[in-house]
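Given next are the chains, with one letter for each unit.
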Number of protein chains: 4
Amino acid sequence: MVDELILTVFRANLDLVQNGLVIHTWGNVSGRDKDSGLIVIKPSGVKYSSMKAADMVVLDPEGNVIKGKFKPSTDTPTHLLLYKTYPSIGGVVHTHSTYATAWAQAEKGIPPLGTTHADHFYGEVPCTRKLNSDEVNENYELNTGKIIIERLGKTDPLVVPSVLVNGHGPFCWGLDTEEAVYNAIALEEIARMAFYTVLLGKNSGIEKELLDRHYNRKHGNKAYYGQVKSK
Amino acid sequence: MVDELILTVFRANLDLVQNGLVIHTWGNVSGRDKDSGLIVIKPSGVKYSSMKAADMVVLDPEGNVIKGKFKPSTDTPTHLLLYKTYPSIGGVVHTHSTYATAWAQAEKGIPPLGTTHADHFYGEVPCTRKLNSDEVNENYELNTGKIIIERLGKTDPLVVPSVLVNGHGPFCWGLDTEEAVYNAIALEEIARMAFYTVLLGKNSGIEKELLDRHYNRKHGNKAYYGQVKSK
Amino acid sequence: MVDELILTVFRANLDLVQNGLVIHTWGNVSGRDKDSGLIVIKPSGVKYSSMKAADMVVLDPEGNVIKGKFKPSTDTPTHLLLYKTYPSIGGVVHTHSTYATAWAQAEKGIPPLGTTHADHFYGEVPCTRKLNSDEVNENYELNTGKIIIERLGKTDPLVVPSVLVNGHGPFCWGLDTEEAVYNAIALEEIARMAFYTVLLGKNSGIEKELLDRHYNRKHGNKAYYGQVKSK
Amino acid sequence: MVDELILTVFRANLDLVQNGLVIHTWGNVSGRDKDSGLIVIKPSGVKYSSMKAADMVVLDPEGNVIKGKFKPSTDTPTHLLLYKTYPSIGGVVHTHSTYATAWAQAEKGIPPLGTTHADHFYGEVPCTRKLNSDEVNENYELNTGKIIIERLGKTDPLVVPSVLVNGHGPFCWGLDTEEAVYNAIALEEIARMAFYTVLLGKNSGIEKELLDRHYNRKHGNKAYYGQVKSK
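First, a word on what this report is: a plain description of the structure on this page.

What counts and what doesn't
Residues numbered from 1 in each chain as written. Chains lettered and ligands numbered in written order. Predicted model: local features only at pLDDT ≥ 70, side-chain atom pairs only at ≥ 80, totals over all residues. Heavy atoms only, no water. Helix = DSSP H or I, 4+ residues; strand = E, 2+ residues; numbered from the N terminus. Rg over C-alpha atoms; globule rule 2.2 N^0.38 Å. Buried < 20%, exposed > 50% of the residue type's maximum accessible area, 1.4 Å probe, protein only. Contact = heavy atoms within 4.5 Å. Areas by Shrake-Rupley, 256 points an atom, 1.4 Å probe, with all protein chains shown as cover. Lys, Arg positive; Asp, Glu negative; His and termini not counted. Charge placed at Lys NZ, Arg CZ, Asp CG, Glu CD. Buried area = accessible area lost by both parts, 1.4 Å probe. Salt bridge = Lys/Arg side-chain N within 4 Å of Asp/Glu carboxyl O. Expected span 1.5 Å × (residues − 1). Polar contact = N/O pair within 3.5 Å; in protein donor to acceptor, adjacent residues only side chain to side chain. Least-squares fit on C-alpha atoms with pLDDT ≥ 70 in both. Pairing = 2+ DSSP bridges. Axes fitted to C-alpha atoms, helices over the stretch in contact; angles between N-to-C directions. Parallel < 35°, antiparallel > 145°, perpendicular 65-115°, else oblique. Left-handed = near helix turned anticlockwise from the far one by under 90°. Nonpolar A, V, L, I, M, F, W, Y, C, P; charged D, E, K, R; others polar. Phe/Tyr/Trp six-rings, centres within 6.5 Å; stacked < 30°, edge-to-face > 60°. Lys NZ or Arg CZ within 6 Å of the ring centre and 35° of its normal.

### A word on the overall build of chain A
Point 1. Secondary structure assignment for chain A yields eight helices and seven strands.
Point 2. A compact globule built from 231 residues should have a C-alpha radius of gyration of about 17 Å, and chain A, at 17 Å, falls within 12% of that.
Point 3. Structurally, chain A occupies a C-alpha span of about 50 × 45 × 35 Å along its principal axes.
Point 4. Burial analysis of chain A (231 residues in total) assigns 64% to the buried set.
Point 5. Long-range contacts, defined here as pairs at least 24 residues apart, represent 63% of the contacts in chain A between residues at least 6 apart.
Point 6. When the accessible surface of chain A is summed, it comes to about 8800 Å², and 52% of that surface belongs to carbon and sulfur atoms.
Point 7. Taken together, the 25 basic and 26 acidic charged side chains of chain A have centroids lying 3 Å from each other.

### Re the interface of chain B and chain A
Point 1. Listed as interface residues are 35 residues of chain B and, on the opposing side, 32 residues of chain A.
Point 2. Counting the surface lost from both chain B and chain A, the interface buries some 3000 Å², and carbon and sulfur atoms represent 55% of this.
Point 3. Broken down residue by residue, the surface that chain B buries against chain A is led by B:His24, B:Trp26 and B:Gln105, which jointly contribute 21%.
Point 4. Our enumeration of links across chain B and chain A arrives at five salt bridges.

### Thoughts on helix H7 (residues 177-199) of chain B
Point 1. For H7(B), with 23 residues, the first-to-last C-alpha span of 33 Å sits near the 33 Å given by 1.5 Å per residue.
Point 2. Among the 23 residues of H7(B), 18 are classified as buried, and the element is accordingly described as predominantly covered.

### Some words on the environment of A:Trp26
Point 1. The residue A:Trp26 is located in the loop between helix H1 (2-18) and strand E1 (27-32) in this model.
Point 2. Here A:Trp26 falls in the buried class, since its relative accessible area comes to 6%.
Point 3. Taking the C-alpha atoms as reference, A:Trp26 lies 6.0 Å from A:His96; in sequence the two are 70 residues apart.
Point 4. Discounting chain neighbours no more than four positions away, the residues touching A:Trp26 are A:His94, A:Thr95, A:His96, D:Thr116, D:His120, D:Tyr182, D:Ala186, D:Glu189, D:Ile190 and D:Met193.
Point 5. In terms of polar contacts, A:Trp26 uses its side chain to reach the side chain of D:His120, at 3.2 Å.

### Comments concerning the relation of the copies chain D and chain A
Point 1. Taken as rigid bodies, chain D and chain A are interconverted by a rotation of 90 degrees and an axial shift of 0.0 Å, the fit giving an RMSD of 0.0 Å. With respect to symmetry, the two chain copies, as superposed, fit the operation of a four-fold axis. Among all C-alpha atoms of chain D, that of D:Leu199 lies closest to the rotation axis, at 5.7 Å.
Point 2. Each copy contacts the other with its own distinct surface, as only 3% of the interface residues of chain D are interface residues in chain A too.

### A look at the relation of the copies chain B and chain A
Point 1. The two copies are related by a screw operation: chain B maps onto chain A through 90 degrees of rotation and 0.0 Å of translation along the axis, at an RMSD of 0.0 Å.
Point 2. The residues that chain B uses at the interface reappear at the interface of chain A in only 3% of cases, marking distinct surfaces.

### Considerations on the sheet that holds strand E4 (residues 65-67) of chain A
In any sheet, the strands associate via hydrogen bonds between backbone groups, in a parallel or an antiparallel arrangement.
All names here are of chain A.
Point 1. Within the open sheet, the seven strands sit side by side as E4-E3-E2-E1-E5-E7-E6. Their pairing is antiparallel. Either end of the sheet is taken by a strand with one partner, and the two such strands are E4 and strand E6 (162-165). The mean angle between the axes of side-by-side strands here comes to 25 degrees, regardless of whether they run parallel or antiparallel.
Point 2. Alignment of E1 against strand E5 (residues 91-95), held across five bridges, turns out to be antiparallel.

### Digging into the pattern of salt bridges
All names here are of chain D.
Point 1. For the coordinates displayed, the defined rule picks out 52 salt bridges over all chains.
Point 2. The closest approach of N and O atoms between lysine 69 and aspartate 55, which form a salt bridge, is 3.1 Å. Pair noted here: lysine 69 is in the loop between strand E4 (65-67) and helix H2 (76-85) and aspartate 55 is in the loop between strand E2 (39-41) and strand E3 (57-59), with a separation of 14 residues, a long-range link.
Point 3. On the basis of relative accessibility, which here comes to 60%, the residue lysine 69 falls in the exposed class.

### Thoughts on the environment of B:Val29
Point 1. Within the secondary structure, B:Val29 is located in strand E1 (residues 27-32).
Point 2. Taking the C-alpha atoms as reference points, B:Val29 and B:Val93, separated by 64 residues in sequence, lie 4.5 Å from one another.

### So, the arrangement of the chains
Point 1. For the non-touching pair chain A and chain C, the nearest C-alpha separation works out to 11 Å.
Point 2. A gap remains between chain B and chain D, with no contact made and the closest C-alpha atoms lying 11 Å from each other.

### Observations concerning the packing of helix H3 (residues 98-105) of chain C against helix H7 (residues 177-199) of chain C
The description of two helices packed together rests on the angle between their axes and the distance between the axes.
All names here are of chain C.
Point 1. Orientation of H3 relative to H7, taken along the N-to-C sense of each, is 60 degrees, at an axis distance of 7 Å. In terms of orientation, H3 and H7 fall into the oblique class. Our pair here, H3 against H7, has a crossing hand that is left-handed. In this structure, H3 contributes Thr98, Tyr99, Ala100 and Trp103 to the contact, and H7 contributes Leu187, Glu188, Ala191, Arg192, Ala194, Phe195, Tyr196 and Val198.
Point 2. Among the residues forming the contact of H3 with H7, the class breakdown is nine nonpolar, one polar and two charged.

### Some points on the interface of chain D and chain A
Point 1. Residue-level contacts link 32 residues of chain D with 35 residues of chain A.
Point 2. Counting each side, the surface lost to burial between chain D and chain A is near 3000 Å², with a carbon and sulfur contribution of 55%.
Point 3. The interface formed by chain D and chain A holds five salt bridges in total.
Point 4. A:Glu141 serves as the salt-bridge partner of D:Arg217, at 2.6 Å between the closest nitrogen and oxygen.
Point 5. Where chain D meets chain A, there are 26 residue pairs in polar contact (both at pLDDT 80 or more).
Point 6. At the level of elements, helix H4 (115-120), helix H7 (177-199) and helix H8 (208-219) of chain D are the ones that each hand at least two residues to the side of chain D that touches chain A.
Point 7. Broken down by element, the residue count for the side of chain D that touches chain A peaks at 12 residues, all from H7(D).

### Thoughts on the packing of aromatic side chains
Point 1. Evaluation of the coordinates by the stated rule reveals 28 aromatic pairs over all chains.
Point 2. Relative to A:Tyr215, the ring of A:Tyr122 has its centre 4.8 Å away and its plane inclined at 25 degrees; by these criteria the two rings are stacked. Residue A:Tyr122 is found in the loop between helix H4 (115-120) and helix H5 (133-137), and its partner A:Tyr215 is found in helix H8 (residues 208-219); the two are separated by 93 residues along the sequence.
Point 3. For A:Tyr122, a relative accessible area of 28% gives the class partly exposed.
Point 4. Geometrically, the ring pair formed by A:Tyr196 and B:Tyr99 is stacked, given 4.4 Å between the ring centres and 20 degrees between the ring planes. Of this pair, A:Tyr196 sits in helix H7 (residues 177-199) while B:Tyr99 is found in helix H3 (residues 98-105), placing the two residues in two different chains. The pair A:Tyr196 / B:Tyr99 is uniform in exposure class, with both members buried.
Point 5. Members of the aromatic cluster, joined through ring pairs, are A:Tyr99, A:Phe195, A:Tyr196, B:Tyr99, B:Phe195, B:Tyr196, C:Tyr99, C:Phe195, C:Tyr196, D:Tyr99, D:Phe195 and D:Tyr196.
Point 6. The positively charged end of C:Lys42 is found above the aromatic ring belonging to C:Tyr48, 5.0 Å away from the centroid.

### Observations regarding unusual backbone geometry
Residues and elements named next belong to chain A.
Point 1. Notably, glutamate 107 is not glycine yet its phi reads approximately 60 degrees, a positive angle.
Point 2. In this structure, glutamate 107 sits in the loop between helix H3 (98-105) and H4.
Point 3. Residue glutamate 107 is classed as partly exposed on the basis of its relative accessible area, which comes to 29%.

### Things to note about the sheet that holds strand E3 (residues 57-59) of chain C
Residue and element names in this part refer to chain C.
Point 1. Here we have seven strands laid out as an open sheet, ordered E4-E3-E2-E1-E5-E7-E6, and antiparallel in their pairing. Edge strands, defined here as strands with exactly one partner in the open sheet, are strand E4 (65-67) and strand E6 (162-165). Across the sheet, the axes of successive neighbouring strands diverge by a mean angle of 25 degrees, strand direction being ignored.
Point 2. The pairing of E3 with E4 spans two bridges and is classified as antiparallel. Residue pairing across strands places leucine 59 opposite valine 65, the latter belonging to E4.
Point 3. Each of E6 and strand E7 (169-174) touches helix H6 (residues 140-152); the most contacted strand, E6, lies at about 125 degrees to it.
Point 4. Packed on one face of the sheet, H7 meets strand E1 (27-32), strand E5 (91-95), E6 and E7 and runs near 140 degrees to E7.

Next comes the structure, spelled out in structure tokens:
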């Protein structure tokens, strides 16, 4: 099981590169094994071009290395806290994808400016508050996870499966690793469309009815988009 | 005949991906068989990477499935209404291509800012009004077709073969599937050029004479562009 | 000789596509044979994907077809007038490349905002005036050539080897076909850089000394850039 | 040793093209051999498509050609002065990459708007002052090096390993050639993100604590990013 997830997480990391979301080592993907609860994550600072599946790091939920010769991603504490807090998620992706990062740097959430957004995110993709000095200086990566959770509040994480970390970039997640990558790709394109839309003079989101219709025809109880309901 | 159209529509859907107009499952193409009047359309929510020609869905003009194991695209009622209303069109394309969608999200038609535009669209590419709550809540996809038709009014659909659906994205069409895809590609590039032009400070369209000249040298009775008159 | 030029012009047309300057049939390249004075040009409205070298059209300087089964590019009268007026040029390129066209649509010349510009164009890339109604209605393509020449005035065409036609797009040229394509590629990138620069708040060109230095170290009498002086 | 560096510098020049930082001949890379102090640099004005490793030029620190049949890059005096002034650097890259050049043309340094920036540059990527007429007219390329050094002042060049030359474009460097190219790629992406961020309305940099945290977790004494400390 974990062996399969190792391969999945390895491929998902490469998918970020192939989809133009990551250059250098600016991103990481993890996945959670449903049965064992173990987490598989990219090693820290390893180049995508030479990275092998066997380089992935297997962790227990507390972050102890179970398997792997490398240190896990520096952002591991953020990933682990998301898994711990949200039992429903099975994959986490962090990137510095260009447009989503620009919104995060601008300290602005991405408003739902059209149905493309509504097809994937049920409302604004929120931006966290800034970390204060203490939160930056101590347990920075853990605190990054905390402000994500603080920002989501009572929102079901699968309903808005992405957050922009203020001044940093996006974290995305999903039922599994594949869905988390899928959401990261969607987020970047939505961030790009929203950027152009704002420059054309529109800042306010679409009407609630249209948001509901598009989100629910794909994700609601009576979803009629696609061939088989995925949730 | 329909077998040939199945292949054409299948390939046209992949062309959207190869031309950068569609990621994930954000688009669909259909075609109408001239002899039988049957419609071939992409199945709903099927991934492009694994989609096969045999996955296309064949419908009668009322939307009854004649052939195919999948549900047709969610946007089928929009496609069908366009075919029903406009006997001259043989192909319909819907995408969420980036720049055209940004204009739709900004609720603005694309003015004819240059001869590239005039070569393909005889005047502004219009943006529909918003759907009201009732229109969103009941028969949403059919109503999307209705506001497209309402917006076109008495315009020959082949003279401005694209419309932006407010807050959503572009629908394009043509004499056949291939021409509809051709127009969708042209629209995206024109939307992009127009975006940059507006940011450089120009908002008003070119003069009527220049619009006429460029449109008519390609599409008019005395067209002299290309090797053989296509219409 | 002309046979060689046919191949050169054919390849140059494909180079436009490979360098992202042209989609559909939105561009054309021609070349002039130094010995015979014959012009080779792309056929009108022929798709790049199926175009063959043998499809090129050979014309005498008056535009009579000497060889070839297709009609020449609609823009042929513009090309011919440029060749007739400027004996020094051996290649002409017309594209609707995105950023250069946006500047043309905005009716603005591209100011020399940096040394990249100065390396290729000795001053502003000018934008023509608009054609008046009569000029559009009669001999449109010839008149397009006339306003290019009017705009250049006494400028050596090889010193600023590109002009933006108002509301239309760029025409570029050079000593030969290859250099014309080279300039078209440079122009598009310079137009793109200038667009971003203007959005960052800078509109005025660099100082005359810096313009002189960069232009002349590549193109002046005492050029010291590159291995062999090309002019 | 120098033979190896010749190959490294050759490949690094091609890497600029493959990473979209350079078209035509708009860039150059050099490297310094640690043992001999010899410099290897791209020849001037040679096309990337036909360039061979053997075309690289080997110079002594004063710029005398030790090996190679071509003239070195026109920008050689700039490279040499950087090597002479900064003993710690082993590679220098100059490009006209699009977004970094736009910032240079706008005469603006790139503020540290997010953690992506902080991961690579410890503070603003500065823009030099303009050269005055005399500095342009005499020893232009040497003076370009001088204003870079003037602008850096007492800053450790490895802490902010890039500068924008006013009205021109970026120069980047690093411990070795590979790191210099790595920084040039990072700079262009950071320049792009910063451009979008500014258009979204944010101009001021991130807090000092966050800048410190991100820079130091990768580059500080207690760096904990990656597998092995590189410095």
